[in-house]
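Residues per chain, in single letters:
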Amino acid sequence: MCLAATIILAGCMTSRVESTKDAATGIGKNESIVILSSSYHVAKPAEDAFIECVTDKAQSGSRKLQVYPADEFRDALFPWLEPRTAPAKAADLPEFLGRPGVQDVIRARKVRYVVWVQGKTEESNSNGGLACAAGPTGGACFGLAWWDNLSSYEAAVWDLESATDTGKVTTSVNGTSMVPAVIVPLPFIARTRAAACKGMASQLQTFIAG
Amino acid sequence: MAIAQSRPAVADQADPVNYGNDKLITKRQLSEICRISLAAFLLGACATSVQVDGSFPKPLMQPYPLAVGVRYPDSLVNFSHTEKAEREPEVAINLGAANVRMFDALFAGMFTEVVRLDADQARPAAANADLIIEPTLVELEIASPNKSGTDQYTVWLNYNLRLYRPDQTLLGDWKITGYGQHDGGSMGMGTEDAVNGAAMLAMRDVAAAIATRFSEAPGIGALLLPQAADPQPGSNNDIDSGNTENAAQTDE
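Computed from a predicted structure; not experimentally measured.

(A) Layout of a nonpolar patch on the surface. Together, Phe 142, Val 182, Ile 183, Val 184 and Leu 186 of chain A line one region of the surface with nonpolar side chains, adding up to about 510 Å² of accessible area. Of note, Val 184 of chain A is situated in strand 6 (residues 164-185).

What follows is the structure in structure tokens.
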């Protein structure tokens, strides 16, 4: 019953997670990855909350990865990972890695992969409506409102050791949320972003482990 | 009877309330005061005041072999700005202390020697410097999610760096703009953090532009020429050998 309630409360969702590998991957016990949002000069950067979620999830479970804090990494390499200066494509990696001190900073922190995440969660197709009224004896709402959410994200995985683009992981979750109200509104929210985060983190663990 | 006759005089003010020894406020006036106070409170509750808070890293680069005198004018050190867009709550932002922190960290990593000059300090103290820099923040704009049509707050900054020779003659004005965007809070909550985050990112953007494009600033190419050094291999630091006397250059 609890399971049924959870499914209903979570709304209806369909998800798709895919990965494309262009080069062999693998990671040592002491090596880590760093997860950054893309530069807005290149693509729509993923929301901070999504980056934080993927970072948390990637560090948990049986295949957990070590994730170096993004802010500390950007600070240590300032100004070379700012939106206007960050490498836009893997072909720019040799130039980035050739800047004075950059290789030393990366080696000292044992960061093997940098993961660039872009994408967003959008709301669409809002339908229906709710009407609420309040009086001296109380209030009530009646009606039905529903809408769709689409969370679509892509993560490019760059190997800093070989200065190559090893491939990408994409996740897309579609869901419908609804709020029926008969006196009391009952929200059934499709948490598409949370599902996309979970799917991407899990796929990144598999992708990077090789 | 005297009381009954006197009531009409205050009838429209109804039931006076005595506050203090010599002040008489009617309920209507009290109600008006309460209404105005409530409106002021609600407006005040919506208004946001942001003291930009955060630290700036030193740039990872080989320093330019220059001794630089840095002069922060009062307008930079005390910079504040209030943004009031139509049908938007007021946002007041103070960047003064953050300006100083940013330029201190930036210049400490960019040059082999940095000397801070008093705002009104004249020529003699700068005699040992190769260059004097006087930054000013010319313009600041804030856009809320409603205004920008996104789910983010954005901050746009426009700085001018006045570059002087040690004898105080002007080498040129170097205009630098910076842009930062930060996820906004929902339902008006978290505005302070969002504006602070966007301002910090815009300032980092400015610092990154200054650090990576310094050799392109007016007059700097010629100044660096005797050193025959390009401190940032791999970057596009073309030597500016043209006539840049009193030039103004904008770096977007």
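(B) Spotlight on the pattern of salt bridges. All names here are of chain A. Summed over all chains, the structure comprises 18 salt bridges over all chains. A salt bridge links Arg 193 to Glu 47, with the shortest nitrogen-to-oxygen separation between them at 3.5 Å. With Arg 193 in helix 6 (residues 192-209) and Glu 47 in the loop between strand 2 (32-37) and helix 2 (48-58), this residue pair connects regions lying 146 residues apart in the sequence. With relative accessibility at 33%, the residue Arg 193 sits in the partly exposed group. The class of Glu 47 is buried, set by a relative accessible area of 9%. Salt bridges sharing partners connect three or more residues here, namely Glu 31, Arg 112, Asp 159 and Glu 161.

(C) Focus on the interface of chain B and chain A. Every contact between the two is made by 25 residues of chain B and, on the other side, 22 residues of chain A. Counting across the interface, chain B meets chain A through eight residue pairs in polar contact (both at pLDDT 80 or more). Broken down by secondary-structure element, the contributors of at least two residues to the side of chain B that touches chain A are strand 10 (170-183) and helix 6 (191-213) of chain B. By residue number, the principal contributor to the side of chain B that touches chain A is helix 6 of chain B, which donates seven residues.

(D) Summary view of the sheet that holds strand 6 (residues 91-94) of chain B. Residues and elements named next belong to chain B. Spatially, the three strands line up as an open sheet ordered 3-6-5, and their pairing is mixed. Edge positions in the sheet fall to strand 3 (48-51) and strand 5 (80-83), since each has one partner strand and no second. Strand after strand, the sheet turns through a mean of 15 degrees between neighbouring axes, direction not considered. By the bridge criterion, four bridges tie strand 5 to strand 6 in an arrangement that is antiparallel.

(E) View of the nonpolar core. Counting residues in each nonpolar core, the largest one holds 55 residues, and the members touching the most others are Leu 95, Phe 103, Met 110, Leu 157 and Tyr 159 of chain B. Contributions of two or more residues to this core are made by strand 4 (64-71), strand 6, helix 4 (96-110), strand 8 (131-143), strand 9 (152-164), strand 10, helix 6 and helix 7 (220-224) of chain B. Counting residues per element, this core draws most heavily on helix 6 of chain B, which supplies 13 residues. With 24 residues, the next largest nonpolar core counts Ala 46, Tyr 113, Leu 204 and Ile 208 of chain A among its residues.

(F) View of unusual backbone geometry. Residues and elements named next belong to chain A. With an omega of 10 degrees, the peptide bond running from Phe 78 to Pro 79 counts as cis. Mapped onto the elements of the fold, Pro 79 is located in the loop between helix 3 (70-76) and helix 4 (93-97). Of note in this structure, Asn 125 is not a glycine but carries a positive phi near 50 degrees. By the element assignment, Asn 125 lies in strand 4 (residues 111-135).

(G) Representation of the side chain of Ser 38 of chain A within the structure. Residues and elements named next belong to chain A. Along the chain, the position of Ser 38 falls in the loop between strand 2 and helix 2. Using a relative accessible area of 9% as the deciding quantity, one classes Ser 38 as buried. In this structure Ser 38 touches Ala 43, Pro 45, Trp 116, Val 117 and Gln 118, once residues within four positions along its chain are discounted.

(H) A look at the sheet that holds strand 2 of chain A. All names here are of chain A. Strand order in the open sheet formed by six strands is 1-6-5-4-2-3, and the pairing between neighbours is mixed. Each having just a single partner strand, strand 1 (12-21) and strand 3 (67-68) make up the two edges of the open sheet. Inspection of the sheet shows strand 5 (residues 138-159) paired to strand 6 by 19 bridges, in the antiparallel sense. Counted as the bridge partner of Asn 149 is Gly 175 from strand 6. Against the sheet, helix 6 touches strand 1, strand 2, strand 4, strand 5 and strand 6, its axis set at about 155 degrees to strand 6.

(I) Local environment of the environment of Leu 95 of chain B. Checked against the element boundaries, Leu 95 of chain B lands in the loop between strand 6 and helix 4. Taking C-alpha positions, Leu 95 of chain B is 8.6 Å from Asp 53 of chain B, a pair spaced 42 residues apart along the chain.

(J) A look at the pairing of strand 4 of chain B. Residues and elements named next belong to chain B. Buried residues dominate strand 4, accounting for seven of its eight residues. Relative to strand 8, strand 4 runs parallel, the two being bridged by three bridges. Within strand 8, the residue paired with Val 70 across the bridge is Ile 133.

(K) Fine view of the state of the cysteines. Residue and element names in this part refer to chain A. Evaluation of the coordinates by the stated rule reveals two disulfides over all chains. The disulfide bridge from Cys 53 ends at Cys 197, spanning 1.9 Å between sulfur atoms. Between Cys 53 and Cys 197 the sulfur-sulfur dihedral comes to about -95 degrees; the bridge is accordingly left-handed. Placement of the pair is Cys 53 in helix 2 and Cys 197 in helix 6, with a sequence separation of 144 residues. With a sulfur-sulfur separation of 2.0 Å, Cys 132 is cross-linked through a disulfide to Cys 141. Handedness here is read from the sign of the S-S torsion; for Cys 132 and Cys 141, about 110 degrees, the answer is right-handed. Residue Cys 132 is classed as exposed on the basis of its relative accessible area of 55%. Of the residues examined, Cys 141 reaches a relative accessible area of 11% and is grouped as buried.

About the criteria used
- Residues numbered from 1 in each chain as written.
- Chains lettered and ligands numbered in written order.
- Predicted model: local features only at pLDDT ≥ 70, side-chain atom pairs only at ≥ 80, totals over all residues.
- Heavy atoms only, no water.
- Patch = residues over 30% accessible without salt bridge, like charges linked within 9 Å, V, L, I, M, F, W, Y side chains within 5 Å.
- Areas by Shrake-Rupley, 256 points an atom, 1.4 Å probe, with all protein chains shown as cover.
- Salt bridge = Lys/Arg side-chain N within 4 Å of Asp/Glu carboxyl O.
- Helix = DSSP H or I, 4+ residues; strand = E, 2+ residues; numbered from the N terminus.
- Buried < 20%, exposed > 50% of the residue type's maximum accessible area, 1.4 Å probe, protein only.
- Contact = heavy atoms within 4.5 Å.
- Polar contact = N/O pair within 3.5 Å; in protein donor to acceptor, adjacent residues only side chain to side chain.
- Pairing = 2+ DSSP bridges.
- Axes fitted to C-alpha atoms, helices over the stretch in contact; angles between N-to-C directions.
- Core = buried A, V, L, I, M, F, W, Y, C linked by side-chain atoms within 4.5 Å.
- Disulfide = S-S within 2.5 Å.

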